[in-house]
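Below, each chain spelled out in residue letters.
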Amino acid sequence: MNHQRDLDQCFQLFEEEGYFILPQFFEKDEIADLQERINQIMLGTADVDYDQIWMQLDTDSGKYEDLRWGGNGFQGATLDYRKIQGLEADQRFFDFITSPFFVRLCERVYGPNLPITSFRTMFMNKAAGKGTWLPWHQDRWNFLDQDPLLTVWIPLDEATLENGCVQIIRKSHRKGLINPEHSGGFLTESQAVEHAPTNHIIPILVEPQDLVVLHNHLLHASDKNRTSAPRRALSVCYMNGHTKNIAEPEISYPQLFTT
Ligand SMILES: O=C(O)CCC(=O)C(=O)O
């Protein structure tokens, strides 16, 4: 990846629009390595401590309410996992997400000399011909004492309308919290109609090697995959390391680096 890139214009977009995209930012090999590694993790052949990672299988129905949230770790060799969290526990993912460019991004957002943790280092998959509609939400969690502000979303496959790309509402990060009562920032159905009208939806159509940087309050959603190939992505939420979980104070978040 190009660590030296000038970030002024990018962060002007981040403030105004709530996101920016750096096309063809990563080297082919870097993304091939993540693609290979995540498939090894799903197939149970990776030398990683599976007790440290959380793996969720997809639904058969495609309905969000049918997802199962219990359990942990490996649940069988399949490429049909929907979500895998805790990927900092894997050295290859850890090395990738702690590279100098991400340190610079965090310094821009959170300031210098600050410890940075990961709220989540997450694989999001719309398995071939499967996937679950992910309703409109802002990436905030009401059990944290301050909101994280920076998420990077890295496509591991081309993302299209047909395979369930992320969709956003530009400038929506400026609205503040739309449903502060919801623990994970999800909108009610009527709020979604009001704040994410069809004619304002922008699909994030990207390719492997592109980088998408999102303000955590930007409204986003994603659809099912109607194609015969997977739509995989890595999503990392970088957080001010002083952030505390006020509901469960014993929980700590993995330290990544200091800006
Ligand atoms: O990858 C997706 O479909 C959505 C991911 C998402 O909501 C996130 O990264 O915050």
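All residue numbers refer to positions counted from 1 along the written sequence of the respective chain. Restriction of local features to residues with pLDDT of at least 70 applies here, the model being predicted, together with a cutoff of 80 or more for giving and counting side-chain atom pairs; totals for whole chains, interfaces and linings are based on all residues. Heavy atoms from the whole structure form the basis of all side-chain values; hydrogens and water molecules are not counted.

Caption draft 1: Inspection of the overall build of the protein at higher detail. Secondary structure is summarised from DSSP: a helix means a run of H or I of at least four residues, a strand means a run of E of at least two, and numbering begins at the N terminus for each. Counting its secondary structure elements, the protein contains 5 helices and 12 strands. Restricting the calculation to C-alpha atoms gives the radius of gyration, and the globule rule supplies 2.2 Å times the number of residues raised to the power 0.38. A globule of 259 residues ought to have a C-alpha radius of gyration of about 18 Å, and the protein, at 17 Å, matches this closely. Type-normalised accessible area, obtained with a 1.4 Å probe on protein chains alone, sets the label of each residue: buried when under 20%, exposed when over 50%, and partly exposed for intermediate values. Within the protein, buried positions represent 55% of all 259 residues. Here the contacts in the protein between residues at least 6 apart in sequence split such that 85% fall between residues at least 24 apart. Working rule for contacts: check all heavy atoms of both residues, and any pair within 4.5 Å makes them a contact.

Caption draft 2: Representation of the site of the ligand within the structure. In the vicinity of the ligand, 13 residues are found, and the nearest of them are Asp139, Trp153, Ser222, Arg231 and Ser235. Between the ligand and Ser222, the relevant distance is 2.6 Å, taken from an oxygen atom to a side-chain nitrogen or oxygen of the residue. Between an oxygen atom of the ligand and a side-chain N or O atom of Arg231, the distance comes to 2.8 Å. Reported accessibility uses the Shrake-Rupley method at a 1.4 Å probe radius. Residues are deemed covered only where the shown protein chains occlude them. Look at the ligand: alone it shows 300 Å² of surface, and the protein chains cover 99% of it. With respect to the detected pockets, the ligand is housed in the largest pocket. Nearness is judged by heavy atoms alone; a residue qualifies as near a molecule or strand once a single heavy atom is within 4 Å of it. Counted as a polar contact is a pair of N or O atoms within 3.5 Å, where, for protein atoms, one must be capable of donating a hydrogen and the other of accepting one, and residues adjacent in sequence contribute only when both atoms are in side chains. Only protein atoms enter the 1 Å grid used here, on which a cavity is any set of points holding a 1.4 Å probe that cannot leave and a pocket is any open set flanked by protein within 12 Å on both sides along at least five of seven lines; residues with an atom within 4 Å of a point are listed as lining. A molecule is said to be in a cavity or pocket once over half of its atoms fall within 2 Å of that pocket's grid points.

Caption draft 3: Spatial organisation of the pattern of salt bridges. We define a salt bridge as a contact between a side-chain nitrogen of Lys or Arg and a carboxyl oxygen of Asp or Glu at a distance within 4 Å. Under the defined criterion, the tally for this structure stands at 13 salt bridges. Between Asp60 and Lys130 there is a salt bridge, with its nearest N and O atoms 3.5 Å apart. Taken together, the residues span a long stretch of sequence, with Asp60 in the loop between β2 (54-57) and β3 (81-85) and Lys130 in the loop between β4 (115-126) and β5 (134-137) at a distance of 70 residues. When salt bridges that share partners are traced, they join Glu17, Arg170 and Lys171 into one network.

Caption draft 4: Structural view of helix α2 (residues 28-43). For a helix, the expected span equals 1.5 Å multiplied by the residue count minus one. Here α2 contains 16 residues, and its C-alpha end-to-end distance of 23 Å stays within 8% of the 22 Å for a straight helix at 1.5 Å per residue. Those residues of α2 not exposed but buried are Ile31, Leu34, Arg37, Ile38, Ile41 and Met42. For α2, the buried positions fall inside an angular range of 135 degrees around the axis, keeping them on one side. Relative to its buried face, α2 has exposed residues pointing more than 90 degrees away, namely Lys28 and Asp29. Once α2 ends, the next one or two residues include Gly44, with phi positive near 80 degrees. Throughout, the arc means that of the directions going from the helix axis to the C-beta atoms.

Caption draft 5: Local environment of unusual backbone geometry. Even without being a glycine, Gln24 presents a positive backbone phi close to 45 degrees. Looking at where Gln24 falls in the secondary structure, it is placed in the loop between β1 (19-22) and α2. Of the residues examined, Gln24 reaches a relative accessible area of 41% and is grouped as partly exposed. Of note in this structure, Asn113 is not a glycine but carries a positive phi near 55 degrees. On the secondary structure map, Asn113 appears in the loop between α4 (100-110) and β4. Note on Asn113: relative accessible area 65%, which makes it exposed.

Caption draft 6: Examining the sheet that holds strand β7 (residues 166-169) more closely. At least two DSSP bridges between two strands are required for those strands to pair. If you trace the 4 strands from one edge of the open sheet to the other, you get β5-β10-β7-β8, paired in antiparallel fashion. Whereas interior strands pair on both sides, the edge strands pair on one side only; in this sheet they are β5 and β8 (201-203). Averaged over all neighbouring strand pairs, the angle between strand axes comes to 25 degrees, with direction disregarded. Inspection of the sheet shows β7 paired to strand β10 (residues 220-222) by 3 bridges, in the antiparallel sense. Residue pairing for β10: Ile168 is matched across the bridge by His220. Only C-alpha atoms enter the line fits that serve as axes; for helices the fit covers just the stretch in contact. Angles between N-to-C directions range over 0 to 180 degrees.

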